[in-house]
Amino acid sequence: MEIIDSHTHWGPSVTMGIEVTTTELLRQAEQSGVGKIVIFPFPSQALADQAINAQVLAEANREHAFIPYYYIPEDLRPIPREKGFYGGKWHWTRGVQDASSNYQVLNDPRLRGFIEESEAINLPIIFEEELAFTDTFVGMTKTMKIIIPHLGLLGGNPLDFLAVFKKREHVYFDTALAGQETIVRFIKDIGAERVLFGSDIPFGTMKNELNKVLSLPIRDADKELILSKNVKRLIGFD
Ligand SMILES: [Zn+2]
């Protein structure tokens, strides 16, 4: 079965004083039978040094197992598609990371243009904010493919995210760090088509996060969707 990890961090983190190396990601991939890995920078690193986006891209050009995502900067520049990114990462923009959203961003005059441009580019964006922020943002979009990481765990209660976005066909979720029971609940409610496997290395390990999905009491066809087919469809990979 083809397996793609749709959520890992690559490179140095200034605040954490660690670095996730290519060697480490490939080691975990080999150990787990993962064939391709989505990589993006640590948020703190991207804020400190915007050159990290170019470094992620250069690394993915050297190492073909990597699928590079663009860290969306605070001035809301959309993914520069011609460069070869396959998606984007939006992370508590101008807010307090993993804690509180900055609602002023929703009034930023550049936001409309960002959304229009992103919808034209048509690549998925892993989007992490509080539930109320995410809800307002999603309401401003029409076709934008939004992946909420951790089933919403860091932005609120996953089941609240599920209730709010159940009918939003363009909103997806990744399994990183979420519990098996919650993952099953999501699959039952919105279908395996809208759930993606991710490990969130270094906050999770590929092996543990993957075993969680592999041991779910669901059909193999649904596992295939979660483990590779959904992300391939979203990023236009064939
Ligand atoms: Zn992450």
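As a reminder, the structure under discussion sits directly above these lines.
Predicted, not measured: the structure shown is a model, and the values here were computed from it.

About the criteria used
- Residues numbered from 1 in each chain as written.
- Predicted model: local features only at pLDDT ≥ 70, side-chain atom pairs only at ≥ 80, totals over all residues.
- Pairing = 2+ DSSP bridges.
- Helix = DSSP H or I, 4+ residues; strand = E, 2+ residues; numbered from the N terminus.
- Buried ≥ 20, exposed ≤ 12 C-beta atoms within 10 Å, placed from the backbone.
- Right-handed = clockwise from strand over helix to strand, strands pointing away.
- Axes fitted to C-alpha atoms, helices over the stretch in contact; angles between N-to-C directions.
- Parallel < 35°, antiparallel > 145°, perpendicular 65-115°, else oblique.
- Left-handed = near helix turned anticlockwise from the far one by under 90°.
- Contact = placed C-beta atoms within 7 Å.
- Nonpolar A, V, L, I, M, F, W, Y, C, P; charged D, E, K, R; others polar.

(A) Spotlight on the sheet that holds strand S7 (residues 125–128). Taken together, the eight strands give an open sheet; going across it, the order is S1-S4-S5-S6-S7-S8-S9-S10, and neighbouring strands pair in parallel fashion. The sheet is open, and its two edges are formed by strand S1 (4–9) and strand S10 (195–196), each paired on a single side.

(B) Main features of the pairing of S7. Side chains Ile125 and Phe127 of S7 all project onto a buried face; the interleaved residues Ile126 and Glu128 project onto the opposite face, where all are buried too. Bridging between strand S6 (residues 87–91) and S7 involves four bridges; their strand directions are parallel. Paired with Trp90 across the strands is Phe127, a residue of S7. Handedness of the crossover joining S6 and S7 through helix H4 (residues 110–121) is recorded here as right-handed. Both S7 and strand S8 (residues 146–148) contribute to a ladder of two bridges, which runs parallel.

(C) The arrangement of the packing of helix H5 (residues 131–140) against helix H6 (residues 158–165) in detail. Following both chains from N to C, one finds H5 and H6 inclined at 20 degrees, their axes separated by 11 Å at the closest point. Between H5 and H6, the interaxial angle falls into the category roughly parallel. Read as a crossing pair, H5 and H6 show a hand that is right-handed. Between H5 and H6, the contacting residues are Leu131, Asp135 and Val138 on the first element and Asp160, Phe161, Val164 and Phe165 on the second. For the contact of H5 with H6, the class distribution of residues is five nonpolar, no polar and two charged.

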